[in-house]
Amino acid sequence: MDVEPKTYTSPSLISPDNHSLMLVDQQYLVLILVRSHEVTQVLENMTLLAKGAKLFGVRTLLTTAHSETQQLVRQVREVFPDQEPIERTTLNAFDDEQVVAWVREGGKKKLVITGLWTESCMTMTTLSALSAGYEVYIITDAAGGGSKETHDMAVLRMVQAGAIPLTTAQYLKEMQRDWARSETAKDLIAIYERHGGTYGAGLQYQQDLISGASPSSHGGPGAS
């Protein structure tokens, strides 16, 4: 007689070892021209995402285009100081053989993609990855477009093609799963507290309550 499992974890959830992460063209010139979001918030999300991915040991690729006139943003570059971004001339990262080779070498069927701008490099890369047979997740708040409409329509197009939308917070929560996982919980909360706005403050407040420390220096209730 088969015994029903007491717990079940969906295979569609992201975990540190089941995907590769692509950070596409997170460079200064395109960043400062973002008009779909507040630029400082996009930068904070980009930093939060990069630091979180590094904490969990996620295989991560950095790409740039025309870097002779625009550098990778310092906050992301400092997280991966030993990695040389793959430089391209193409808007579509999957038109570059080095990028495709890197993806294949990872052996992961899940790809998480974000980047600048949403309506160009991120969309073309995502559609091409889907066409190549990968299960693609897109992080929408570490990206940005030339206007809210171009960003929104690009996200809609990618989702209609089969991409699964995520936010930075959702992505990192899926990898942590359980705040009792002490090997990453403390460091992730510290990253959130620095770059996660009110959610970061809420997490620290919650942990202070659990540990018995005074929460007086943190604002807001606990977070899930």
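Source: prediction; values computed, not measured.

Caption draft 1: Structural context of the side chain of His 151. By the element assignment, His 151 lies in helix H6 (residues 148-161). For His 151, the residues in contact, after removing those within four places along its chain, are Ser 36, His 37, Thr 118, Glu 119, Thr 140, Ala 143, Gly 144 and Gly 145.

Caption draft 2: Spotlight on the sheet that holds strand E3 (residues 86-88). The 6 strands lie next to each other as E3-E2-E1-E4-E5-E6, forming an open sheet whose pairing is parallel. Edge positions in the sheet fall to E3 and strand E6 (164-166), since each has one partner strand and no second. Each adjacent strand pair in this sheet contributes to an overall mean axis angle of 25°, direction not counted. Two elements, strand E2 (residues 59-65) and E3, share 3 bridges in a ladder whose sense is parallel. Bridged to Ala 65 within E3 is Arg 88. Along the sheet, helix H4 (residues 97-106) contacts strand E1 (19-24), E2, E3 and strand E4 (110-115); its crossing angle with E2, the most-contacted strand, is approximately 175°. Across the sheet, helix H7 (residues 168-176) is in contact with E1, E4, strand E5 (135-139) and E6; its angle to E6 comes to roughly 95°.

Caption draft 3: Local environment of a nonpolar patch on the surface. Taken together, Leu 29, Ile 32 and Leu 33 make up a surface patch of nonpolar side chains, about 260 Å² in accessible area. Considering the arrangement of structural elements, one finds Leu 29 in helix H1 (residues 28-32).

Cut-off values and rules
Residues numbered from 1 in each chain as written. Predicted model: local features only at pLDDT ≥ 70, side-chain atom pairs only at ≥ 80, totals over all residues. Heavy atoms only, no water. Helix = DSSP H or I, 4+ residues; strand = E, 2+ residues; numbered from the N terminus. Contact = heavy atoms within 4.5 Å. Pairing = 2+ DSSP bridges. Axes fitted to C-alpha atoms, helices over the stretch in contact; angles between N-to-C directions. Patch = residues over 30% accessible without salt bridge, like charges linked within 9 Å, V, L, I, M, F, W, Y side chains within 5 Å. Areas by Shrake-Rupley, 256 points an atom, 1.4 Å probe, with all protein chains shown as cover. Salt bridge = Lys/Arg side-chain N within 4 Å of Asp/Glu carboxyl O.

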